[in-house]
Amino acid sequence: MSDFFDLEETDVAPAAPPAAASFPDMPFLTDLNPEQRRAVEQTEGPVLVLSGAGTGKTRVLTTRIAYILGTRRATPWQVLAVTFTNKASREMKERLEKMIGLPARNTWLGTFHSIGIRILSRWPAEAGLQPHFIVLNTDDQERLVKQILSDNGVDIKKYTPAVVLDIIQRWKDRGLEPAAVTPAEDTGYCDGRVKGFYQLYQNRLRELNAVDFGDLLLLPLNLFKTHPDILARYQEQFRYILVDEYQDTNVAQYLLLRLLSQKHRNICCVGDDDQSIYSWRGAEVENILKFQDVYPDALVIRLERNYRSTAHILGAASALIANNAGRLGKTLKVADGRDGSGDRVKVQGFWNGKQEAETVIARVEDEQRHGTPLSQMAVLVRTSSQTRAFEEECIKAGIPYKIIGGFKFYEREEIRDAVAYLRLTLNTDDDLAFSRVVNKPRRGIGDSAMQSVAAAAKEHHVSLFDAIAWAELRPSVRKTLDAFAGLVRTWRDKQNMSEPKELAQQILEESGYINMWRLDKSPDAEGRIENIKELYNVLSEFETINDFIEYAALVTDADENATGDQLVIMTLHASKGLEFDTVFLPGWEEGLFPHQKALDESGEQGLEEERRLAYVGLTRARRKAFVSFVSNRLVYGQWQNALPSRFVEELPAEHIEDCTDRQTGYGFRAEDVAPLMTGWQPRSAFPQQQNHTRFKQSDDYANSPFAAAETRATAGRLVNSLTPRTSRSKSRRLGKRVYHETFGFGTVVREEGDRLEVHFDDHGLKKVLARFLSEA
DNA sequence: GGGTTGCCCGTTTTT
DNA sequence: CGGGCAACCC
């Protein structure tokens, strides 16, 4: 499952692999097109492969590794291949093993972060860590920052831990230690105190012997800076370096790669500037754009033959992305020998999100009837909150589905708790884990008890766990804590004797944790127990708990594979690198996609990144793509009306088919609008773009989704001006006839906020909440 | 110490 | 609409 996590001793080069079939007998080379082949065979020197969507970049990367190994240019141990997701590296490893017919065991193939762990685990002391440091998850990080802010008298309502943490992360992404942050860069938030908090945060991490995601890159960088000898051995070791998704590397990753590749200079980066969608996480498209500046002798290869999508899908996607400025410029072509242009991209507007979801799922069923497996279809959304509507429709229709992203398995409360128990068992000095579980289930350990334990810990310079012995405690609390500590010790002593799964079961039983949920009568308790059982299953695939903990710190749901025939529902971000026969792209509305926040915070650049996201979405589709938007969407429990995304308009007419049902589907229905329409003159709701001939002034226009949009937009404004925005408005409900589930019909006689006083016909005067009433 | 209530908040994307 | 949190009560 994660064999690149078994951190083997790396000092000794393993023996060379048994002779593979020697080139040119390697059959896989002949499957490549000339550009791909060039990218594989140019093993020496820096190579930049600009690889459009669906042009076979994974194939190039894996073949290149196989070629390097097969021609005995290097042993597996001397090849470093980095990817962004565990899934990508797993896939690459599998494909590689298929090609070379050998386990790719000794290659350094993994995510940047797993490579970081591997290096730090090898040199903990030199990197300023102790062995068996822990990797914090987002939750832990936020907790720490919050504590630091509170300790320093910051109003965390005004300056949120999440934002502070985000600023710190961005600095880390750029390879900046606290000392390297200039005051000028620390003006944006919290009166220039964030740099100080960053330092405190780092101190705290070291105290806890913990690292965060950013440290997995930052600490190796520092290690190499302070220990040139260590750097030198890695530089020597890595004869060939390959990088996937290069457009998404941040500065720290760039610096690492540059350092590591200095000796042999055989670095091959594969990426697509049009698919750069992680700038908010510190990714620098600049890295790809300036590759040739850093390596003037670089060979640049463009892969433009698309083997994935139909001509219409490619045409639509290409036209869309052409609206972005500052691209390196690639033109995707349908690869030779592929027939027909396929279906046009279907575009459809709906009245609301429910209709949209219903129709999408109906289309899913239809496709399924025509032989497309569910697993070959995907619903790709902009924000995870959009998944719910589709989930509900799937349940109604009885369609098996899998939601990726959103609530992550390892971020669920019960999983984090369970993992904390395991962490504590493994390492009783893990204060974070200790605090998390010491009173879960409730053992009567409250704030005051924890305070005295913390004080004792500080005084005696020991962990919270060890401080129990020193702390001054009330007898009952002392008894409880001693018993708890005793339990943890028994688990700790067993850790090497039992299987991870068995030990976990024992821990969660004996601690009373599972029982806590068994006794919990809330509706989701059962699901939580199921999740814990699922955790047992995952555990059974690991040899040691430690392996699992390291794995759990880095995985995300996006790494999971869909099992069986399930419809996949996920965010556009999570879909990068995947492909499906049929792709549904709902929610193409201004404000949602492009997302308002992206526009507000990053302006034109934000818009372009959103557009790249749209491009990524479209290019996931092999045969069919279905774009939709609605005029009314429920956001934060409130109905808001919306305009079609500008991206809809950027899809050229010749590649789309408008499926909007204007009788019932999109915009305001005629009978709703008619009374409001007096004197209304159509005006374009969209700035016309020069290079778009579509729908403009032609007869098509009246039937286009945009004509409907204009109607709706204008009518929407009118309606809004006439209808109170929320049900909060006074006077409107007084005297209204209402219906209540329990009390039947009645009349509103008084209102205070959401609480209404209603005189019910059969039950007299009652106070009820507005939401339990409907208009009679 | 623990449970409940009520308020206020925000709400993109994730290794 | 839901989560998080502070204030309040048992």
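Here is what the cut-offs are and how they apply
Position numbers for residues count from 1 along each chain, tracking the sequence in the order it is written. The order in which chains are written sets their letters, starting at A; the order in which ligands are written sets their numbers, starting at 1. Where local features are concerned, this predicted model is filtered to residues with pLDDT of at least 70; where side-chain atom pairs are given and counted, the filter is 80 or more; whole-chain, interface and lining totals use all residues. Where side-chain values are given, they derive from all heavy atoms of the structure, hydrogens and water being excluded. Secondary structure follows DSSP: runs of H or I at least 4 residues long count as helices, runs of E at least 2 residues long count as strands, and numbering of each begins at the N terminus. Only protein chains enter the area calculation, which uses a 1.4 Å probe; residues under 20% of their type maximum are buried, those over 50% are exposed, and those in between are partly exposed. Two residues qualify as a contact provided that any one of their heavy atoms is within 4.5 Å of a heavy atom in the partner residue. Per-residue accessibility takes into account occlusion by the displayed protein chains alone, with areas from the Shrake-Rupley method and a 1.4 Å probe. Note on method: axes are straight lines fitted to C-alpha atoms, helices fitted across the in-contact stretch only, with angles between N-to-C directions ranging 0 to 180 degrees. For this classification, under 35 degrees means roughly parallel, over 145 means roughly antiparallel, 65 to 115 means roughly perpendicular, and everything else is oblique. Two helices that cross are described as forming a left-handed crossing if the nearer one is turned anticlockwise from the farther one by less than a right angle, and a right-handed crossing if clockwise. What pLDDT conveys is the predictor's confidence in a given residue, as a value from 0 to 100. When the centres of two rings from Phe, Tyr and Trp lie within 6.5 Å, Trp using its six-membered ring, the rings pair. Their planes under 30 degrees apart give stacked, over 60 give edge-to-face, and anything left gives tilted. Definition used: whenever NZ (Lys) or CZ (Arg) falls within 6 Å of the ring centre and also within 35 degrees of the ring normal, the charge is taken to sit over that ring. At least two DSSP bridges between two strands are needed for those strands to be called paired. By this rule, a helix spans an expected 1.5 Å times one less than how many residues it contains. Note on terminology: a nonpolar core comprises buried Ala, Val, Leu, Ile, Met, Phe, Trp, Tyr and Cys residues joined through side-chain atoms within 4.5 Å. Put simply, a salt bridge is a Lys or Arg side-chain nitrogen that is within 4 Å of an Asp or Glu carboxyl oxygen.

1. Quick notes on the overall build of chain A
Each helix and strand in chain A was counted, giving 31 helices and 23 strands. With 776 residues in all, chain A has 52% of them scored as buried. When contacts within chain A are restricted to residue pairs at least 6 apart in sequence, long-range pairs at least 24 apart make up 75% of them. In the form shown here, chain A has an accessible surface area of approximately 35100 Å², with 49% of it arising from carbon and sulfur atoms.

2. Structural notes on the packing of helix α5 (residues 112-122) against helix α9 (residues 215-226)
Relative orientation of the contacting elements α5 and α9 amounts to 45°, with a least axis distance of 8 Å. With respect to each other, α5 and α9 are oriented oblique. Our pair here, α5 against α9, has a crossing hand that is left-handed. On α9, the residues that touch Phe112, His113, Gly116, Ile117, Ile119 and Leu120 of α5 are Asp215, Leu216, Leu217, Leu219, Pro220, Leu223 and Phe224.

3. What about the confidence of the model for chain A?
Here chain A averages 81 in pLDDT, and 80% of its residues register 70 or above. pLDDT under 50 marks residues 1-24. Its contacts with residues more than four places away, or in other chains, come to 51 contacts. Note on residues 668-732: pLDDT is under 50 here. Beyond four places in sequence and across chains, it has 88 contacts.

4. Some remarks on the packing of aromatic side chains
Per the counting criterion, the structure on display carries 20 aromatic pairs. A centroid spacing of 5.8 Å and a plane angle of 85° characterise the contact between Tyr246 and Phe291, whose relative ring orientation is edge-to-face. One end of the pair, Tyr246, is in the loop between β6 (240-243) and α11 (251-261); the other, Phe291, is in helix α13 (residues 291-294), and 45 residues separate them in sequence. Summarising the aromatic geometry, the rings of Trp588 and Phe647 are spaced 6.3 Å apart at their centres and angled 80° between planes, so their arrangement reads as edge-to-face. Of this pair, Trp588 sits in the loop between β15 (580-585) and α27 (596-618) while Phe647 sits in helix α28 (residues 646-649), placing them 59 residues apart in sequence. Phe647 shares its class with Trp588; the two are buried. Pairwise contacts between aromatic rings join Trp108, Phe224, Tyr234 and Phe238 into one cluster. If you follow Arg122 out to its NZ or CZ, it ends over the ring of Trp123, 4.2 Å from the centre. Above the face of the Tyr278 ring, Arg281 is positioned so that its terminal group lies 4.2 Å from the ring centre.

5. Observations concerning the sheet that holds strand β7 (residues 267-271)
Reading across the sheet, the six strands line up as β3-β2-β6-β7-β1-β8 and stay open at both edges, with parallel pairing between neighbours. Two strands lie at the open edges of the sheet, namely β3 (108-111) and β8 (299-303), each paired on one side alone. Strand-to-strand twist across the sheet, computed as the mean angle between neighbouring axes with direction ignored, equals 15°. Of the strand pairs in this sheet, strand β2 (residues 79-83) and β6 are connected by four bridges, and their pairing is parallel. Of the residues in β6, the one forming a bridge with Val82 is Val243.

6. Focus: α9
When the terminal C-alpha atoms of α9 are compared, their 15 Å separation across twelve residues agrees well with the 16 Å that a helix rising 1.5 Å per residue should span. For α9, the tally of buried residues reaches ten of twelve residues, placing the bulk of the element in the interior. Three or more residues of α9 are buried, namely Asp215, Leu216, Leu217, Leu218, Leu219, Pro220, Leu221, Asn222, Leu223 and Phe224.

7. Some thoughts on the nonpolar core
Soluble globular proteins: nonpolar side chains tend toward being buried together. Counting residues in hydrophobic clusters, the biggest one holds 52 residues, and the most contacted among them are Tyr410, Phe434, Leu508 and Phe548. The contacts of Phe548, once residues within four sequence positions are left out, are Tyr410, Val419, Leu422, Leu535, Val538, Leu539 and Phe542. Ranked by size, the runner-up nonpolar core spans 44 residues in total, among them Leu80, Leu216, Leu231 and Cys269.

8. Comments concerning the environment of Ser463
When you line up the elements, Ser463 lands in the loop between α19 (447-460) and α20 (464-467). Considered as a pair, Ser463 and Lys93 are 370 residues apart in the sequence and their alpha carbons are 40 Å apart. The residues contacting Ser463, other than those within four sequence positions of it, are Thr428, Asp429, Asp431 and Ala457.

9. Let's talk about the pairing of strand β17 (residues 638-641)
Summarising the sheet, strand β16 (residues 621-635) and β17 pair through four bridges and their orientation is antiparallel. Within β17, the position partnered with Val635 by the bridge is Gln638. Linking two consecutive strands that pair antiparallel, namely β16 and β17, is a turn of two residues; a positive phi of about 50° is found at Tyr636 within it.

10. Regarding the pattern of salt bridges
Considering all chains together, one arrives at 45 salt bridges under this definition. With a closest N to O distance of 3.0 Å, Asp297 and Arg265 form a salt bridge. Of this pair, Asp297 sits in the loop between α13 and β8 while Arg265 sits in the loop between α11 and β7, placing them 32 residues apart in sequence. Owing to a relative accessible area of 46%, Asp297 belongs among the partly exposed residues under this scheme.

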